[in-house]
Amino acid sequence: MNVTLAIKRFNPETDSEPRIQNYTVEVQPTDRILDALINITQNQDGTLGYRRSCAHGVCGSDAMRINGKEKLACKTLFQDLVDQNPETGNAAAAPATIEIEPLRHMAVQKDLMVDQGPFFAKFRAVKPYFVPAAATPERGEYIQSPEERELFDEATKCINCAACYSACPILDKNPDFIGPQAIVNAARFIFDSRDAGLEPRLDVLDTKDGVWPCESHFECTRVCPRDIKITKLINFTKREIKKYRAARGEETAEQK
Amino acid sequence: MILVQEFDAIIVGAGGAGLYAALEASTTARTAVVSKLYPQRSHTGAAQGGIGAALGNVEEDSPEWHAFDTVKGGDYLVDQQAARILAEDAVRAVYDLENRGLPFSRLPDGKIAQRRFGGHTHHFGEGPVHRSCYAADRTGHMILQTLYQQCVKNDVQFFDEYQVVDLLLEGTTVRGVVLFELKTGELHVFRAKAVLFATGGTGRMFKITSNAISNTGDGPAILARAGIPMEDMEFYQFHPTGILGMGILITEGVRGEGGILKNSKGEHFMETYAPTMLDLAPRDMVSRAIMTEVLAGRGIRGDRKIDDYVWLDASHLGRDVVEQKIPDIADFCRTYLGVDPAEKPMPVQPTAHYAMGGIPTDVDGRVDTGKVVYEGLYAAGEAACVSVHGANRLGTNSLVDLIVYGRRAGRHIAEYVKNASSPAAGEADADRAREQLQRLRNRKGGRHVGPIMERMQEVMMEKVGVYREQKEMEAAAADVRKLREEFQEVAVQDHGAGFNSEVLQIMELENLLDLSLITAESAANRTESRGAHSRKDFPERDDETWLRHTMATLKGDQVVIDYKPVDVSIWEPKPRTY
């Protein structure tokens, strides 16, 4: 069937503002949006800019807004977006147009490519690495029960694609908010029985731009291509901070 | 403008091998990691089933058995001391990763969980063994994340989205690399005492592949153009279970957990081909078994065409096992096939997966052709050929290779740079790369990359695939030569400087074309069947003539072939049955 991709384009070298360019491509219902983008750059228009690598939803390169929702272009099939007429094989409602835009909350570098520098800087700020709670075993592994391992399993799925960061309504009003992905990556360690947990990360999380701006809109959870219950993890993290402060008779940054 | 910077060591590629090498090298050397991707996008993250190490957490195991399995799995083309190092160091490496925070799945006693995997046995082949240490079905993701996290912790310096375009040598001593910065379109000369290439695989030379779009063999191609021979490029692994039509990997771990392959008659056909190991026979054998079933008309469509398929059935394992042990696989199947593997079998076909061959190295990652050792030049991971995989890699050993040999290369670099003198390199060293870029940008109204890329992938898949014969491989080489000529007419449409990913794609296509030619010629030259190189016209292994590594040098549009001996110092080659 033929579909039209209406792609929001912007090249700071030549454009003063973004423009929409339409491309018509022939696709199978089971094709990925990414397949069509590749088709465009390799056969129609080599100037279109976007990132991609693994093409099956594990590397996190090709998050973008597709019909207004953050998705991975390689995990979204045309049949998920366009109804097909079973008799003609064409799109049921012609012309089928799919709107594609870059992620929000990050500066557009070119077309669908956005500057993830600040996004990764916030990630690095939460100490997204193992801070061992105990000395390294002389030989062998730290012992951890399957139940303890399960506690932080969801957070380990994150591929840092920035879909949640784009969808978060808090970042509309507070660009300094650390964002859902950074908190997920902190939670990855906070709830790991082998890790020193909350304490080394408090100075970033328990601040006015740390976990507290989150108002549980659930947009991050809705768009996560890895099905991580992000809002839940943020709320668990808030609860840990409250517990930690209460036990010491201190106030959280929210209470101050 | 050409920008020149100086480092002690440069690591090209930020997957498992590159990151581990960077962690080690940066302990003493001023180290830069350059990658054409953003951090954590590398293809190590797509590895699923596990990393092999004889921890013995589930049952008795030993590194010696692991080393033997590796040698036998590689159809005796493996350098045996290198395999011994691999298996022995795997145990330490897995504990090291865990101690750095890697979240392995756990056994009830709290130790690292292990599962069965193809070709891994106890007591030198008596039966399958639980050796693959896993984190659900995203072990590679966890390794990539853990190593990157450690690099953040240790303040390793990254240059994101820098594509390597040239290698600087003075005779056989490295001086640095030339890089193309995606953000600006500028060329950079990075001068260094040591350079490690860990650029990953070459799977995009084939039509159906599990590999990322970025797996274009940049390191091997650049070294090949610098006159360095590539080792054993004819040995390319087709993983038996790729998602039909797309090639996306379905881990061998599915079969490790009890999944079985079935033909159109519902027969468990591996009983015929590998009576002991069944579905857990090595990948080359399982891929051939599938192709044999398909060509005999027992594929699911039954049309005997090479793109017919078989079933991989995990529905009898129950929903709990599917959701707990292979959750990502279940997600892929639901997303791309609309199939729930807990209820229905998965349609699978062999998919181009792994290059056993590559840049020849010694056990410290130094580039070593057997005749000359290049000073300061290193390679590790899939881009390299140590050789621990020989003619066919065992499942899980790719991750072991990254961790063991990435680390060893990094440690060697850390020592080497202490006494090496600073090389000379300056703006003029970027001349060749600049002229090439200029030519590309000045060309008007030329070809698109797409048709050339597609043709190359089809030719390689059809003619240098699971089963091969002389005429077809020669035809493939001839076709690729023609495509290399057509490539000279490719022009860019995007004349912008910044974020010009079209230029990047053209460079990647050039790399794939060069490696395709070397692969096809190396394959046509080897007149025997061994491991993944399986010929209809020479169906037997021939140790008398061919127990030796191919060393293929690219000279213009010719490939000159020489050889290097195989280390068989531990186990005598024997017929390979499972």
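Residues numbered from 1 in each chain as written. Chains lettered and ligands numbered in written order. Predicted model: local features only at pLDDT ≥ 70, side-chain atom pairs only at ≥ 80, totals over all residues. Heavy atoms only, no water.

## A closer look at the overall build of chain A
- From N to C terminus, chain A includes ten helices and seven strands.
- C-alpha atoms of chain A, sized along the principal axes, occupy 65 × 40 × 30 Å.
- Evaluated residue by residue, chain A yields a buried proportion of 58% over its 256 residues.
- In chain A, once contacts between residues fewer than 6 apart in sequence are set aside, the share between residues at least 24 apart is 64%.
- Of the roughly 10700 Å² that chain A leaves accessible, carbon and sulfur atoms contribute 47%.
- Across chain A, 34 positive and 38 negative side-chain charges occur, with their mean positions spaced 3 Å apart. (Helix = DSSP H or I, 4+ residues; strand = E, 2+ residues; numbered from the N terminus. Buried < 20%, exposed > 50% of the residue type's maximum accessible area, 1.4 Å probe, protein only. Contact = heavy atoms within 4.5 Å. Areas by Shrake-Rupley, 256 points an atom, 1.4 Å probe, with all protein chains shown as cover. Lys, Arg positive; Asp, Glu negative; His and termini not counted. Charge placed at Lys NZ, Arg CZ, Asp CG, Glu CD.)

## Examining the interface of chain A and chain B
- Counting residues at the interface gives 67 residues for chain A, matched by 67 residues for chain B.
- Across the chain A to chain B interface the summed buried area is about 5200 Å²; carbon plus sulfur atoms make up 48%.
- Considering only the surface of chain A that becomes buried against chain B, Gln42, His56 and Glu141 of chain A emerge as the three largest contributors, covering 13% of it.
- Applying the counting criterion to the chain A and chain B interface returns seven salt bridges.
- Across the salt bridge formed by Asp328 of chain B and Arg226 of chain A, the nearest N and O atoms sit 3.0 Å from each other.
- Counting across the chain A and chain B interface gives 36 residue pairs in polar contact (both at pLDDT 80 or more).
- Secondary-structure elements contributing two or more residues to the side of chain A that touches chain B are helix 1 (33-44), strand 6 (108-110), strand 7 (113-114), helix 3 (117-125), helix 4 (146-151) and helix 7 (180-190) of chain A.
- Among the elements that take part in the side of chain A that touches chain B, helix 1 of chain A stands out by supplying six residues, more than any other.
- For the side of chain A that touches chain B, the class distribution of residues is 27 nonpolar, 21 polar and 19 charged. (Buried area = accessible area lost by both parts, 1.4 Å probe. Salt bridge = Lys/Arg side-chain N within 4 Å of Asp/Glu carboxyl O. Polar contact = N/O pair within 3.5 Å; in protein donor to acceptor, adjacent residues only side chain to side chain. Nonpolar A, V, L, I, M, F, W, Y, C, P; charged D, E, K, R; others polar.)

## Regarding the layout of surface pockets
- In this structure, the largest pocket spans a volume of roughly 1100 Å³.
- Lining the largest pocket are 42 residues, and of these Arg32 and Asp35 of chain A together with Arg204, Lys207 and Gln457 of chain B sit closest to its centre.
- Put simply, the parts of the chain that give the lining of the largest pocket at least two residues each are strand 2 (19-26) and helix 1 of chain A together with helix 10 (327-337), helix 13 (449-463) and helix 15 (501-525) of chain B.
- Looking at the lining of the largest pocket residue by residue, the class counts come to 17 nonpolar, 15 polar and ten charged.
- Put simply, the second largest pocket is a space of about 660 Å³. (1 Å grid on protein atoms, 1.4 Å probe; cavity = no way out; pocket = protein on both sides within 12 Å on 5 of 7 lines; lining within 4 Å. Points joined across faces, edges and corners; volume = space filled by probe spheres on them.)

## Looking at the domain arrangement of chain A
Residue and element names in this part refer to chain A.
- If you check the domain split of chain A, you get domain 1 (2-113) and domain 2 (116-247).
- On the domain 1 side of the contact with domain 2, Glu70, His105 and Met106 bury the most area, a combined 42% of that side's loss.
- Linking domain 1 to domain 2 there are two salt bridges.
- A salt bridge links Lys69 to Glu219; its shortest N-O distance comes to 3.5 Å.
- Applying the counting criterion to the domain 1 and domain 2 interface returns seven residue pairs in polar contact (both at pLDDT 80 or more).
- Elements with a contribution of two residues or more to the side of domain 1 that touches domain 2: strand 3 (63-66) and strand 4 (69-72).
- Top contributing element to the side of domain 1 that touches domain 2 by residue count: strand 4, with three residues.
- Here the side of domain 1 that touches domain 2 is composed, by residue class, of six nonpolar, three polar and six charged. (Domains from an automatic or database assignment.)

## A few points about the sheet that holds strand 21 (residues 548-555) of chain B
Residues and elements named next belong to chain B.
- With antiparallel pairing, three strands are arranged side by side in an open sheet as 10-21-22. Either end of the sheet is taken by a strand with one partner, and the two such strands are strand 10 (230-231) and strand 22 (558-565).
- With two bridges connecting them, strand 10 and strand 21 associate as antiparallel partners. Counterpart to Met230 in the pairing with strand 21 is Ala552. (Pairing = 2+ DSSP bridges.)

## Description of the environment of Ala212 of chain B
- Take Ala212 of chain B: it is sitting in the loop between strand 9 (187-197) and helix 5 (218-225).
- Of the residues examined, Ala212 of chain B reaches a relative accessible area of 1% and is grouped as buried.
- Residues Ala212 of chain B and Ala46 of chain B lie 166 residues apart in sequence; the distance between their C-alpha atoms is 8.5 Å.
- With residues near it in sequence (within four places) discarded, Ala212 of chain B still touches Ser53 and Cys54 of chain A together with His43 and Arg204 of chain B.

## What to know about the pattern of salt bridges
- In total, this model carries 83 salt bridges over all chains according to the counting rule given.
- Residues Arg138 of chain B and Asp153 of chain A are paired through a salt bridge, measuring 3.3 Å at the closest nitrogen-oxygen approach. Pair noted here: Arg138 of chain B is in the loop between strand 5 (127-133) and helix 4 (139-153) and Asp153 of chain A is in the loop between helix 4 and helix 5 (163-167), and the two residues belong to different chains.
- With relative accessibility at 3%, the residue Arg138 of chain B sits in the buried group.
- The shortest N-O distance in the salt bridge between Arg319 of chain B and Glu323 of chain B comes to 3.2 Å. A residue pair is termed a helical-turn pair when its members lie 3 or 4 positions apart in one helix, as Arg319 of chain B and Glu323 of chain B do in helix 9 (residues 319-325) at four residues.
- Judged by its relative accessible area of 36%, Arg319 of chain B is partly exposed.
- Residues participating in the shared-partner salt-bridge network are Asp75, Glu234, Asp284, Arg288, Arg526, Glu528, Arg530, Arg541, Asp543 and Arg576 of chain B.

## Observations concerning the state of the cysteines
- Overall, the coordinates contain zero disulfides over all chains when judged by the stated rule.
- Among the cysteines around Cys214 of chain A, which has no disulfide bond, Cys220 of chain A carries the closest sulfur, lying 6.3 Å off. (Disulfide = S-S within 2.5 Å.)

## Some words on the pairing of strand 9 of chain B
All names here are of chain B.
- Taken across its eleven residues, strand 9 has ten buried, putting it largely inside the fold.
- Of the strand pairs in this sheet, strand 1 (residues 2-12) and strand 9 are connected by ten bridges, and their pairing is parallel. Following the sheet pairing, Gln5 is matched in strand 9 by Phe190.
- Linkage of strand 8 (residues 173-181) to strand 9, two consecutive antiparallel strands, is achieved through a turn of five residues, within which Gly185 is found at a positive phi near 75 degrees.
- Sheet analysis places strand 9 next to strand 17 (residues 373-379), joined by three bridges and oriented parallel.

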